[in-house]
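Chain residues, written in single-letter form:
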Amino acid sequence: MKRLLWLLLVLALAGGAAKYFWPVEKAEVKAPVQTVTTFEVAQRDFPLLVDSTGSTVASNVVDVRPQVTNVVAKVHIKEGQRVKAGDILFTLDDRADRANFEKAKAASDDAQRQLERSIELLRQNFISQGSVDTARANAQSLLAAANAAQATLSYDTIRSPITGRAGIINVFPGALVQPGNTVSTITTATATTAQGAMVTITQLDPINVQFTVPESALGPLFAMQQSGQAPTVSFEATGGQKRQGKVYVIDNQVDAAIGAVKVKAEASNADHALIPGQFVRVQLKAGNIKDALVIPSQAVVANTRGEQVFVVGADNTVELKPIKVLTQGQGFAVITGLNAGDKVVVEGKQNLRPKAKVRDAAAAKTEAKPEAKPDASSAPKTDAKPDVKAEAQK
């Protein structure tokens, strides 16, 4: 037993000494090369596009209201009818107003004749200058009264002030209308009572689009306006109608709550397919950014440290570099912090770490191309001659 113990001790010491003096080298574990899709940073002019949402707005809306208290005699239009400026919309009962005008006109004409006789008598020294002045003042006063009566009579014929389309008519022949600033329509099971607007005329061509843009886009917009160019917009309504228009006004103040400013654009609407209040998606073209560094937006990595991208070096290793995104649009981003020609990772960056080895997917596909199979037409031909005996037997 003692010999066995001594033998085991000697073997253990010999093994420890061998491990100490002749250590076994560990096999180096290499990280796998990852396949990624890359993009070279391009330097080119980049269109500054701003996507927004807004609504259609009428370029002109008029609520037609009566200016005198009277009874509607006739309605000359139909609901939804297109009218031109100056077209007659309603006629009120003008009998009393016409009689007042004729009475005032007759008194004015008589006063004018009296003034002319007074002037003739003054020339013959039959009356004094004071009598002529009194006659002149009387004639002017009665003329003003006649003009006022004529204006009141004209209110009985209500005409359209603009060209557009009529909306819902709130009055009917026989209804009593009166001046008012409150538009209200009360409908019951037996009657409809309308106060205020008799009808609303809306100008639909051209039509306006109102939307908001971030204050960062104000510089390019003002630069285009100062150069004499109107920024253009393209928008699409919920019904699928697409239109092109031009910006004609930018609001004079920024809404601090949202950091944006209101913008209005004007577009053609000859077919009246768009009406005010429709929701639209707007894309504003606010000029170009000269010599911009452009990369796909998908290449940008956003984290707590800011915006970064994986840049592929000459030895196919990647590094994270910080960048700053100036603007984005159509799947691309304008950045600073890189140089033109730098290669950035677009796809396959989920599991990447700095200093990792990568391989471009395009190069990998080229290397993995299968060898072309030999064509049957290119097979080697044999010089074997046909069997004459077999042919004869056939």
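None of the values given here were measured: they were computed from a predicted structure.

Novice: How would you explain the environment of Ile 162 if you had to name every residue and give the values?
Specialist: Its location among the elements puts Ile 162 in the loop between strand S6 (157-159) and strand S7 (164-166). The residues touching Ile 162, leaving out its near neighbours within four places in the chain, are Asn 60, Val 62, Val 83, Lys 84, Ala 85, Ile 201 and Gln 203.

Novice: Requested: an account of the sheet that holds strand S8 (residues 176-177), with residues and values cited.
Specialist: Hydrogen bonds between backbone groups are what pair the strands of a sheet, and the pairing can be parallel or antiparallel. Here we have four strands laid out as an open sheet, ordered S6-S5-S3-S8, and antiparallel in their pairing. The strands lining the two open edges of the sheet, one partner per strand, are S6 and S8. Examined bridge by bridge, strand S5 (residues 88-92) and S6 share three bridges and lie antiparallel to one another. Across the sheet, residue Thr 91 finds its bridge partner in S6, namely Thr 157.

Novice: Before we move on, could you go through the pattern of salt bridges and cite the residues and values that matter?
Specialist: One pass over the full model with this rule turns up 10 salt bridges. The residue Arg 136 makes a salt bridge to Asp 133 at a minimum N-O spacing of 3.5 Å. Taken together, the residues Arg 136 and Asp 133, both in helix H3 (residues 129-154) and three residues apart, mark about one turn of the helix. The salt bridge partner of Asp 271 is Arg 243, with a shortest N-O separation of 2.8 Å. Residue Asp 271 is found in the loop between strand S14 (260-267) and strand S15 (279-296), and its partner Arg 243 is found in strand S13 (residues 242-250); the two are separated by 28 residues along the sequence. Relative accessible area serves as the criterion here: at 15%, Arg 243 is assigned to the buried category.

Novice: Mind laying out helix H2 (residues 95-123), listing which residues take part and the relevant values?
Specialist: End to end, H2 covers 43 Å across 29 residues, agreeing with the expected 42 Å (1.5 Å per residue, within 8%). Of all the residues in H2, the buried ones are Asp 97, Phe 101, Ala 104, Ser 108, Ala 111, Leu 115 and Ser 118. At its buried positions, H2 is contacted by strand S3 (70-75) and H3. Directly after H2, the chain includes Asn 125, whose backbone phi takes a positive value near 60 degrees.

Novice: Provide a residue-level description of the nonpolar core, including the pertinent values.
Specialist: Burial of nonpolar side chains together is a common tendency in soluble globular proteins. Membership of the largest hydrophobic core comes to 23 residues, with the highest contact counts inside it found for Phe 211, Val 213, Val 233, Phe 235 and Leu 284. Broken down by secondary-structure element, the contributors of at least two residues to this core are strand S2 (42-64), strand S11 (199-214), helix H4 (218-226), strand S12 (232-237), S13, S14 and S15. When residues no more than four places from it in sequence are discounted, the contact partners of Leu 284 are Leu 48, Leu 49, Val 50, Phe 211, Val 213, Leu 221, Pro 231, Thr 232, Val 233 and Val 247. Formed by 17 residues, the second largest nonpolar core is a distinct cluster that contains Val 68, Val 83, Ala 166 and Val 177.

Novice: Hey, could you go over the side chain of Ser 118 for me, with residue numbers and the actual values?
Specialist: Within the secondary structure, Ser 118 sits in helix H2. Discounting residues that sit within four places of it in the chain, Ser 118 has contacts with Ile 127, Val 132 and Ala 135.

Novice: Describe the pairing of S15, with residues and values.
Specialist: Summarising the sheet, S2 and S15 pair through 12 bridges and their orientation is antiparallel. Bridged to Leu 49 within S15 is Lys 285. Pairing analysis gives six bridges linking S12 to S15, with the strands arranged antiparallel. Note on S15: the bridge partner recorded for Ala 237 is Val 280. With four bridges joining them, S15 and strand S20 (residues 332-336) adopt antiparallel strand pairing. When the bridges of S20 are listed, Leu 293 appears paired with Ile 335.

So, how was this worked out
- Counting restarts for each chain, with residues numbered from 1 along the sequence as it is written.
- With pLDDT at 70 or above as the cut-off, local features in this predicted model cover only qualifying residues; side-chain atom pairs require 80 or more to be listed or tallied, and sums for whole chains, interfaces and linings still use all residues.
- Hydrogens and water are ignored here; the side-chain numbers use all heavy atoms of the structure.
- Strands are runs of DSSP state E lasting at least 2 residues, helices are runs of H or I lasting at least 4, and numbering of each runs from the N terminus.
- Any two residues whose heavy atoms approach within 4.5 Å are treated as being in contact.
- Strands are treated as partners if at least two bridges between them are detected by DSSP.
- We count a salt bridge whenever a side-chain nitrogen from Lys or Arg sits within 4 Å of a carboxyl oxygen from Asp or Glu.
- Exposure classes here rest on a 1.4 Å probe applied to the protein chains alone. A residue is buried below 20% of its type maximum, exposed above 50%, and partly exposed in between.
- Multiply 1.5 Å by the residue count of a helix minus one, and that product is the helix's expected span.
- Remark: nonpolar core denotes a set of buried residues (Ala, Val, Leu, Ile, Met, Phe, Trp, Tyr, Cys) joined through side-chain atoms within 4.5 Å.

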